[in-house]
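Reading the structure
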Amino acid sequence: MKTTLVHEVRAVKSKKELANLIKAQRISEKVLRYIVAELYTGITEIKIVNKIKKSFIKYGAPILSFPPIVAFGKNSANIHHEPNKTKLKVGDTVMFDIGTSVNHYCSDMTRTYFWGKPNSRQKKVYLDVLKAQELAVRKLEKGERRAWIIDKTARDFIVKKYKNNPASRRRSNASRGGFSHGLGHGVGTVIHEWPNFKPKSPDIIPAGCVMTVEPGIYLKGFGGVRIEDMYLITKKGVQCLTKPPKSLKDAILK
Ligand SMILES: [Mn+2]
């Protein structure tokens, strides 16, 4: 017999744990649908956050896995943005990153929308994020389980396209292209748990764990796009646990 570590055991979810996590996600999806319908030109980020919180209470999941992120326009370029009195304008990018918990099991989801017809740059950035996510997920589907390779697959695609964009310059090489965070993380009783999709991650992703895949492109002074879904890692592939549609067409709200 060999020893193991608690984070490795915790990563692999039982049916019951998974059911709680999925329930939390379904509630987030209801909240997302409601909140998208509540948008109007001139509403502030803070008002939307308050509506999100009320809505989670209404749907019976008041213990959030993290404070909701709502970012309009340029604010979406800041991954640490704290919602404020910024008002929604036509042409804005709108980013929601929300999650709640059911019986201590967390959910995590990001959707990015456009309030009005997006310009060509907004469209391009959106499609590039979607493509980066697709490439990483395809690797998982094919059975790749080395976390750093999954991260690299999405990151290389983004960095190649955006490394010369002055708005995306960062100090470290890996965050060039304005992709300044890991591609994803395990989700469970805490919102960020082992394992991690990161450039130098030594982690091997076990079957039975739930991972986010959340590439993003953040251009200072312009805005950002992040798309985040949760995936159950299975023996041979993956199963997407996040339902809201995410094609470019679905992302255009007005
Ligand atoms: Mn996340």
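Residues numbered from 1 in each chain as written. Predicted model: local features only at pLDDT ≥ 70, side-chain atom pairs only at ≥ 80, totals over all residues.

**Side note on the overall build of the chain**
Summing up its helical and strand segments, the chain has six helices and twelve strands in all. The C-alpha atoms of the chain give 18 Å as radius of gyration, which agrees with the globular expectation for 254 residues (18 Å, within 12%). For the chain, the C-alpha atoms occupy an extent of roughly 60 × 45 × 30 Å along the three principal directions. Residues counted as buried form 46% of the 254 residues belonging to the chain. (Helix = DSSP H or I, 4+ residues; strand = E, 2+ residues; numbered from the N terminus. Rg over C-alpha atoms; globule rule 2.2 N^0.38 Å. Buried ≥ 20, exposed ≤ 12 C-beta atoms within 10 Å, placed from the backbone.)

**Looking at the pairing of strand S10 (residues 223–226)**
Here S10 shows no split at all, with Gly223 and Val225 on one side and Gly224 and Arg226 on the other all buried. Across four bridges, the pairing between strand S9 (residues 216–219) and S10 is antiparallel. Counted as the bridge partner of Gly216 is Arg226 from S10. Here S9 folds back onto S10 in antiparallel fashion, the turn holding three residues, of which Gly221 has a positive phi close to 80 degrees. (Pairing = 2+ DSSP bridges.)

**Overview of the packing of helix H2 (residues 15–37) against helix H3 (residues 45–58)**
For the pair H2 and H3, interaxial distance at closest approach is 10 Å and the crossing angle is 140 degrees. Compared by their axis directions, H2 and H3 come out oblique. Considering only the axes of H2 and H3, their crossing is right-handed. Of H3, the residues touching H2 (which contributes Ile27, Val31, Tyr34 and Ile35) are Ile48, Lys51, Ile52, Ser55 and Phe56. Looking at the contact of H2 with H3 residue by residue, the class counts come to seven nonpolar, one polar and one charged. (Axes fitted to C-alpha atoms, helices over the stretch in contact; angles between N-to-C directions. Parallel < 35°, antiparallel > 145°, perpendicular 65-115°, else oblique. Left-handed = near helix turned anticlockwise from the far one by under 90°. Contact = placed C-beta atoms within 7 Å. Nonpolar A, V, L, I, M, F, W, Y, C, P; charged D, E, K, R; others polar.)

Keep in mind these numbers describe shape, not what the thing actually does.
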